[in-house]
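Tertiary structure, described
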Amino acid sequence: MTLGVAADSLSSGGTLLGRVGDDDALLARAGDRFFAVGAHCTHYHGPLAEGLVVGDTVRCPLHHACFSLETGEALRAPALDPLACWRVERRGAMVFVREKMSELPPGPRGSAGSREHPSSIVIAGGGAAGLAAADMLRRERYEGPIVLVSADEDPPVDRPNLSKDYLAGEAQDDWIPMWPSDAYAQRHIELLLGSRVSSIDPGARTVLLENGSRRDFGALLIATGADPVRFPIPGADSMQVFYLRSFADSRAIVERARTAKHVVVVGASFIGLEVSAALRTRGVAVDVVAPEHVPLERVMGTEVGRFVQSLHAAHGVVFHLGETVTSVA
Ligand SMILES: Cc1cc2nc3c(=O)[nH]c(=O)nc-3n(C[C@H](O)[C@H](O)[C@H](O)COP(=O)(O)OP(=O)(O)OC[C@H]3O[C@@H](n4cnc5c(N)ncnc54)[C@H](O)[C@@H]3O)c2cc1C
Ligand code: FES
């Protein structure tokens, strides 16, 4: 790409995959403008050459993160980090990819002084939403204190991985946190882990934490996500029953799967089936119990549901459908 590419070889919205030095780069055209950015999504390395150029953005084909072609900035989750960007020069009928541009200064689009801002922000919830909000506040040059309060014991993690590669033993522990541990201090974000907000006093602008301490806020963002449905049946609080939501939950299942020979998975939708596949990868026998007659039928229809079921069955998963668990002994 540094040697030049014929401008006409790309139509508007088109992309070309190539190399710039040691890097894979994507040359993209939007109208008469050309851009060169890193070729791989900063979320999970998705191939941006197979994504969509929309205006002056590119969308990842895997989980639809959106990046500015002009600056490389991650405009939409799940990606948070920017793409590398190169200067592109057009000379007559040719375009040349030149030097790499330096990283974006924080907050290129915001202007902290131009609007009224809260004196401080408390974010309740240390999931993807809470983290993305804290990240964007800093990128938009919000300079006041930000406190991220999370009931989880771990810093924000890539939760979807917990039922997939991590559970299957194919992803390492250090791939799971969304940010390196020093990134919070670098961005002046205070992280309160293992801290559950137990009540909010909007009048006094204070949250009360379960440990009895209080935090004042100028603005409060509630990003507390969802919890798995707990079983209201006898035996459900047994040590043999595991729920999957947090990194700690997934670690506990991994630990138990080292010695378990046989697992019953309750639920035959996405997470139940992912867990089944991951445990089969570990050589554990898996029975799936679920009230529906076809897995995933509600979201994907009967035909696709049956197909997915057959794939899991071919890998040794035994289904007990149209059934529900009434007790655990
Ligand atoms: C195992 C698993 C696999 C998944 N796989 C996929 C997938 O492949 N694709 C996909 O699109 N989605 C997937 N999801 C769903 C995805 O993870 C969620 O949509 C996403 O996590 C939602 O993010 P969130 O920040 O809104 O909430 P959450 O991730 O639920 O985070 C909520 C946070 O709030 C905290 N919290 C709750 N109550 C309080 C309180 N009172 N005080 C303080 N903190 C509190 C929690 O501890 C947690 O940190 C998966 C989910 C799970 C559990
Ligand atoms: S790999 Fe690109 S959004 Fe996930």
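The rules behind these values
Residues numbered from 1 in each chain as written. Chains lettered and ligands numbered in written order. Predicted model: local features only at pLDDT ≥ 70, side-chain atom pairs only at ≥ 80, totals over all residues. Heavy atoms only, no water. Axes fitted to C-alpha atoms, helices over the stretch in contact; angles between N-to-C directions. Helix = DSSP H or I, 4+ residues; strand = E, 2+ residues; numbered from the N terminus. Parallel < 35°, antiparallel > 145°, perpendicular 65-115°, else oblique. Left-handed = near helix turned anticlockwise from the far one by under 90°. Contact = heavy atoms within 4.5 Å. Nonpolar A, V, L, I, M, F, W, Y, C, P; charged D, E, K, R; others polar. Salt bridge = Lys/Arg side-chain N within 4 Å of Asp/Glu carboxyl O. Buried < 20%, exposed > 50% of the residue type's maximum accessible area, 1.4 Å probe, protein only. Near = heavy atom within 4 Å. Polar contact = N/O pair within 3.5 Å; in protein donor to acceptor, adjacent residues only side chain to side chain. Areas by Shrake-Rupley, 256 points an atom, 1.4 Å probe, with all protein chains shown as cover. Core = buried A, V, L, I, M, F, W, Y, C linked by side-chain atoms within 4.5 Å. Domains from an automatic or database assignment. Pairing = 2+ DSSP bridges. Phe/Tyr/Trp six-rings, centres within 6.5 Å; stacked < 30°, edge-to-face > 60°. Lys NZ or Arg CZ within 6 Å of the ring centre and 35° of its normal. Buried area = accessible area lost by both parts, 1.4 Å probe.

A few points about the packing of helix H5 (residues 270-281) against helix H6 (residues 297-314)
To characterise two packed helices, one gives the angle between the axes of the helices and the distance between these axes. Close contact between H5 and H6 brings their axes to 12 Å; oriented N to C, the two are set at 10°. Here H5 lies roughly parallel to H6, going by the angle between them. Seen along the crossing, H5 lies across H6 with a hand that is left-handed. Together, Phe270, Leu273 and Ala277 of H5 and Val299, Met300, Val308 and His312 of H6 make up the contact between the two elements. Its residues assigned to classes, the contact of H5 with H6 comprises six nonpolar, one polar and no charged.

Some remarks on the pattern of salt bridges
For the structure shown, the criterion picks out 16 salt bridges. Across the pair Arg91 and Glu89 runs a salt bridge whose closest N-O atoms are separated by 3.2 Å. In this structure, Asp135 engages Arg139 in a salt bridge whose closest nitrogen and oxygen atoms are separated by 3.0 Å. Of the two residues, Asp135 and Arg139 are both situated in helix H1 (residues 128-139); the distance of four residues between them amounts to about one turn of the helix. Taking relative accessible area as the criterion, Asp135 reaches 5% and is therefore assigned buried.

Overview of the site of ligand 1
Near ligand 1 you find 23 residues, and of these Ala129, Arg159, Lys164, Val197 and Arg245 are the closest. A distance of 2.5 Å is found between an oxygen atom of ligand 1 and a side-chain nitrogen or oxygen belonging to Lys164. Ala226 is positioned such that a nitrogen or oxygen atom in its backbone is 3.4 Å from an oxygen atom of ligand 1. Notes on ligand 1: free accessible area 990 Å², of which the protein chains cover 74%. Split into classes, the residues belonging to the shell around ligand 1 amount to 10 nonpolar, eight polar and five charged.

Notes on the nonpolar core
By size, the foremost hydrophobic cluster in this structure holds 27 residues, and its most contacted members are Leu162, Tyr166, Leu279 and Val288. Residue assignment for this core shows that the elements contributing at least two residues are helix H2 (165-168), helix H4 (247-257), H5, strand S19 (285-290) and strand S20 (318-321). For this core, the two domains that each supply at least three residues are domain 2 (116-222) and domain 3 (247-321). Leave out the neighbours within four places in its chain, and Leu279 touches Ile253, Ala257, Val263, Val284 and Val286.

Remarks on the sheet that holds strand S17 (residues 219-222)
As a general point, the strands of a sheet are linked pairwise by backbone hydrogen bonds and lie either parallel or antiparallel. Overall, parallel pairing links the four strands, which are arranged S13-S12-S11-S17 in an open sheet. Each having just a single partner strand, strand S13 (189-192) and S17 make up the two edges of the open sheet. Going from strand to strand, the sheet's axes swing by 20° on average, the running direction of each strand aside. Relative to strand S12 (residues 146-149), strand S11 (residues 121-124) runs parallel, the two sharing four bridges. The partner of Ile123 across the bridge, within S12, is Leu148.

Brief notes about the packing of aromatic side chains
The tally for this structure, following the rule as stated, stands at two aromatic pairs. Judged by centre distance (5.1 Å) and plane angle (55°), the rings of Trp179 and Tyr184 are tilted. Residue class for Trp179 comes out buried when judged on its relative accessible area of 5%. Across from the ring centre of Phe247, 4.4 Å away, lies the NZ or CZ of Arg251, which sits over that ring.

With respect to the domain arrangement of the chain
When its domains are assigned, the chain resolves into domain 1 (5-100), domain 2 (116-222) and domain 3 (247-321). Using only C-alpha atoms to locate each centre, domain 1 and domain 2 end up separated by 31 Å. Counting each side, the surface lost to burial between domain 1 and domain 2 is near 590 Å², with a carbon and sulfur contribution of 43%. Here domain 1 and domain 2 share one salt bridge between them. Two residues, Arg139 and Glu73, come together in a salt bridge whose shortest N-O distance is 2.8 Å. Run the count over domain 1 and domain 2 and you get five residue pairs in polar contact (both at pLDDT 80 or more). Residue composition of the side of domain 1 that touches domain 2, grouped by class: four nonpolar, no polar and one charged.

Considerations on the sheet that holds strand S15 (residues 206-209)
Read from one edge to the other, the open sheet built from three strands follows the order S14-S15-S16, with strand pairing classed as antiparallel. Strands at the two margins of the open sheet, each flanked by one partner only, are strand S14 (197-201) and strand S16 (214-216). Taking each pair of neighbouring strands and ignoring which way they run, the sheet shows an average axis angle of 20°.

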